[in-house]
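Descriptive analysis of the structure
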Amino acid sequence: QFHEVHEIVVQKLGHIPIVKGDFAHLPNKVQRFVAAWVQECRPRAVYICDGSDEEAHEIIHKLEERGLLHKLRKYEECYICRTDPADVARVESKTFVTTEDKYDSVAHVREGVQGIMGQWMSPELMEVEMNNRFPGCMAGRCMYIIPFSMGPIGSPLSKIGVQLTDSNYVLLCMRIMTRVSPKVWEVLGDNEFVRCVHSMGCPRPVQRKVINHWPCNPEKILIAHFPEIREICSYGSGYGGNSLLGKKCFALRIAMNIARDEGWLAEHMLIMGITEEKTGRETFIAAAFPSACGKTNLAMLNPTIPGFKVRVVGDDIAWMRFDENGELYGINPEAGFFGVAPGTNMKTNPNAMLTCLKNSIFTNVGETADGGFYWEGLEDEVDKNIAITTWLGENWRIGQPGKAAHPNARFTCPAGQCPIIHPKWEDPKGVPISAIIFGGRRPVGVPLVYEAFSWEHGVTVGACVKSEATAAAEHVGKQIMHDPMAMRPFMGYNFGKYLGHWLSLNKAPHKVPKIFHVNWFRLNEKGQFLWPGFGDNIRVLDWVIRRVHEEESIAVKSPIGWLPKKGSINMDGLGPVDWNELFSLPKHYWEDDIRESRRFLEDQANGDVPPAIWKELDELEKRVKEG
Ligand SMILES: C=CCn1c(=O)c2[nH]c(Cc3ccc(NC(C)=O)cc3)nc2n(CCCC)c1=O
Ligand SMILES: [Mn+2]
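Residues numbered from 1 in each chain as written. Chains lettered and ligands numbered in written order. Predicted model: local features only at pLDDT ≥ 70, side-chain atom pairs only at ≥ 80, totals over all residues. Heavy atoms only, no water.

A count of helical and extended segments in the protein chain gives 16 helices and 32 strands. Relative to its length of 627 residues, the protein chain is compact, with a C-alpha radius of gyration of 25 Å against a globular reference of 25 Å. Overall, the protein chain is about 95 × 60 × 50 Å in size when its C-alpha atoms are taken along their principal axes. Of the roughly 25,100 Å² that the protein chain leaves accessible, carbon and sulfur atoms contribute 53%. Placing the 71 positive and 78 negative side-chain charges of the protein chain at their respective mean positions leaves the two points 2 Å apart. (Helix = DSSP H or I, 4+ residues; strand = E, 2+ residues; numbered from the N terminus. Rg over C-alpha atoms; globule rule 2.2 N^0.38 Å. Areas by Shrake-Rupley, 256 points an atom, 1.4 Å probe, with all protein chains shown as cover. Lys, Arg positive; Asp, Glu negative; His and termini not counted. Charge placed at Lys NZ, Arg CZ, Asp CG, Glu CD.)

Right, here's the structure in full:
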């Protein structure tokens, strides 16, 4: 009886085994991309991902055994992981854009001024830095090949990427945050794709002590973007913002270069839909906020007054394109939420909490003795005396000194699980955007809401966005930081040219949306918030919607833009709101603010700022002076 000999056909790339997937059937461009980087990084094996649940379970099991992931038994398929405490956030100082011409990547910064709108590194220097890191960086490790789509697979607004990485944790997060599927290979065919290469920077045998089973190489972190060839190379960090290359690196920095070339917008914006139940009218809004303004909370707002339904399309990134009729349509290129955990609870964002109860990953949060997650803000939602393990692995209880979670701790959860996800959140055409809102944390001088007089004025409002933030420098406390369009940390090319691109969109047949600015954070002279915020922000969005639909009588002209006419915002059921304080325009404050905006633009992009922006600033200044 002859036993049929099963010869295990293990494809090889050179002498390197392909332990999963069919290399020979990958598109040629992908095969060449992979072969080149296999040669450079020299992994011990190659694994072609399919994004399936089976694949995830296999990898989760491996990471549980290794101790990198720990199951949270209180929920369904939820896992917690703690990073090396040296690898907890994006590293702007190690983030670069490389182009032949420096001024394609960055604007002209005034002599002696620290450029804060992105960093350029020359191709020659970058070559040295790359050669100092990538050769052999995956020795002893498996290279995962991740085919992913930013945006619904096959949508004309979507773009495809392929990420090579030696971190299977990254694969688990990428399959939540992007669409990972073999269908991507079919849609890609012989077209171009964004090339993403990521390594933790820990070749075996390991030189650097691994903490928390989290390999990384913090001293040698490098996040490099090559927009001219649509390539991203990230080394040394496993943290989401540095390693999930589909997010900030691709969907913002590279995508904004593609968008400039193709005539659309890749922005750091949420997309939400508000339905007025009386009429069924639905209005979609895109909004950009710097960090610590509660952008995700706004995207998933629970209205406090009846008659409105809010549904979320996306909480962080919007890709927007004018269609053949000149209507602006937007998609959320992501498939998940990667939100800041501390401060998120059933009061500030119940919809985010409910999205996280299954199939989610929590990074650098605390863990309760009964197998749940914990972070600052959840005090009232867990047993007060429960034993908690902090993100540093220490025993702790509520009320003790210190924190359970790192301030930048994150939840990574599938957007489709959100109770108020919009039914059209994956519509290939996207949703029609009627208003763009900029906002900032402004404790003084800036009214609750105002509307720009024109597109050009609105772009200038966006360019002048500022927000109170805890300054990076120690013991400086809070400072008002510039964050134009809330894109400052994510710029992928010359900021002045970026403003020019925005201005260039106001041309036939484009029907450009109205632009607004909101501020939830104004304080009275006693340092108390003048506005209740949170679900009551629906009252402001209601005014915005009525303005979008041309209700003239609810606005009055002011030097800075259209302000709500007194009483035109629904305050029913609210305690006393000091309208005059909330909408006052202190003349000197605004004169200083305009001077500060002009200084910022001169310092950071002097020769590159389009004349129309200077004109808008001059006219604003004149209106304020004459005020
Ligand atoms: C849709 C919500 C937007 N939003 C807000 O509108 C908002 N407003 C404030 C300030 C504030 C804080 C507390 C109260 N009220 C009480 C009762 O403490 C009111 C306003 N904080 C806010 N936050 C949290 C900011 C940190 C991420 C916030 O997210
Ligand atoms: Mn963001």
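Counted according to the given criterion, the structure contains 23 aromatic pairs. Between the aromatic rings of Tyr169 and Trp214, the centroid separation amounts to 4.9 Å while the plane-to-plane angle is 70 degrees, which identifies the pairing as edge-to-face. In this pair, Tyr169 is assigned in helix H5 (residues 168-177) and Trp214 in the loop between strand E10 (194-199) and strand E11 (222-226), connecting sequence segments 45 residues apart. The exposure classification of Tyr169 matches that of Trp214, with both residues buried. Ring geometry for Tyr450 versus Trp590: centroids 6.2 Å apart, planes at 85 degrees, classification edge-to-face. Separated by 140 residues along the polypeptide, Tyr450 in strand E27 (residues 449-451) and Trp590 in helix H15 (residues 587-605) bring together distant segments of the chain. The buried category is assigned to Trp590, whose relative accessible area is 5%. An aromatic cluster of at least three residues, connected via ring pairs, comprises Tyr75, Phe362, Phe373 and Trp375. The cationic tip of Arg195 hangs over the ring face of Phe193; the distance from NZ or CZ to the ring centre is 4.3 Å. (Phe/Tyr/Trp six-rings, centres within 6.5 Å; stacked < 30°, edge-to-face > 60°. Buried < 20%, exposed > 50% of the residue type's maximum accessible area, 1.4 Å probe, protein only. Lys NZ or Arg CZ within 6 Å of the ring centre and 35° of its normal.)

A separate point is a nonpolar patch on the surface. On the surface, Met346, Leu354 and Leu357 cluster together into a nonpolar patch covering about 240 Å² of accessible area. As for its position among the elements, Leu357 is in the loop between helix H10 (350-355) and strand E20 (361-363). Using a relative accessible area of 37% as the deciding quantity, one classes Leu357 as partly exposed. (Patch = residues over 30% accessible without salt bridge, like charges linked within 9 Å, V, L, I, M, F, W, Y side chains within 5 Å. Salt bridge = Lys/Arg side-chain N within 4 Å of Asp/Glu carboxyl O.)

To continue, consider the coordination of the manganese ion (ligand 2). Every protein donor of the manganese ion (ligand 2) is listed here as Lys248 (NZ), His268 (NE2) and Asp316 (OD), and their distances to the metal cover 2.2 Å. In the primary structure, the donors to the manganese ion (ligand 2) are separated according to the pattern K-x19-H-x47-D. Taken together, the residues span a long stretch of sequence, with Lys248 in helix H8 (residues 246-262) and Asp316 in the loop between strand E16 (308-314) and strand E17 (318-322) at a distance of 68 residues. Judged by relative accessible area, which is 8%, Lys248 ranks as buried. (Donors = N, O, S within 2.8 Å, 3.2 Å for Na, K, Ca; no water.)

On to helix H1 (residues 28-41), then. With 14 residues, H1 should cover 20 Å at 1.5 Å per step; its first-to-last C-alpha distance of 20 Å lies within 8% of that length. Along H1, the residues classified as buried are Lys29, Val30, Gln31, Phe33, Val34, Trp37, Val38 and Cys41. (Expected span 1.5 Å × (residues − 1).)

A surface patch of like charges, here negative, comprises Glu100, Asp101, Glu124, Glu127 and Glu228. Inspection of the secondary structure puts Glu124 in helix H4 (residues 123-131). Since its relative accessible area comes to 52%, Glu124 is described here as exposed.

What follows deals with the packing of helix H2 (residues 53-66) against H5. For any two helices packed against each other, one specifies the inter-axial angle together with the distance between the axes. It is the contact of H2 with H5, at a shortest axis distance of 10 Å, that shows an interaxial angle of 140 degrees. The angle between the axes of H2 and H5 places the two elements in the oblique class. Viewed along their axes, H2 and H5 form a crossing whose handedness is left-handed. Counting all contacts with H2, which are made through Asp53, Glu55, Ala56, Ile59, Ile60, Lys62, Leu63 and Arg66, the residues of H5 involved are Asn168, Tyr169, Leu171, Leu172 and Arg175. Looking at the contact of H2 with H5, its residues break down into seven nonpolar, one polar and five charged. (Axes fitted to C-alpha atoms, helices over the stretch in contact; angles between N-to-C directions. Parallel < 35°, antiparallel > 145°, perpendicular 65-115°, else oblique. Left-handed = near helix turned anticlockwise from the far one by under 90°. Contact = heavy atoms within 4.5 Å. Nonpolar A, V, L, I, M, F, W, Y, C, P; charged D, E, K, R; others polar.)

Turning to the sheet that holds strand E23 (residues 388-389), a few remarks are in order. Taken in spatial order, the four strands make up an open sheet running E22-E21-E23-E24, and their pairing is antiparallel. With one partner strand each, in any of the chains shown, strand E22 (373-374) and strand E24 (395-396) form the two edges of the open sheet. Of the pairings in the sheet, the one linking strand E21 (residues 366-368) to E23 comprises two bridges and is antiparallel in character. In the strand pairing of E23, Glu367 is matched with Thr389. (Pairing = 2+ DSSP bridges.)

Below, the discussion takes up the site of ligand 1. Around ligand 1, the structure places 15 residues, and the nearest of them are Gly294, Asn297, Gly533, Phe534 and Asn537. Within the side chain of Asn297, an N or O atom sits 2.8 Å from an oxygen atom of ligand 1. One of the backbone nitrogen or oxygen atoms of Phe534 is found 3.0 Å away from an oxygen atom of ligand 1. About the coverage of ligand 1: the protein hides 64% of its 640 Å² of free accessible area. Its residues assigned to classes, the shell around ligand 1 shows 10 nonpolar, four polar and one charged. (Near = heavy atom within 4 Å. Polar contact = N/O pair within 3.5 Å; in protein donor to acceptor, adjacent residues only side chain to side chain.)

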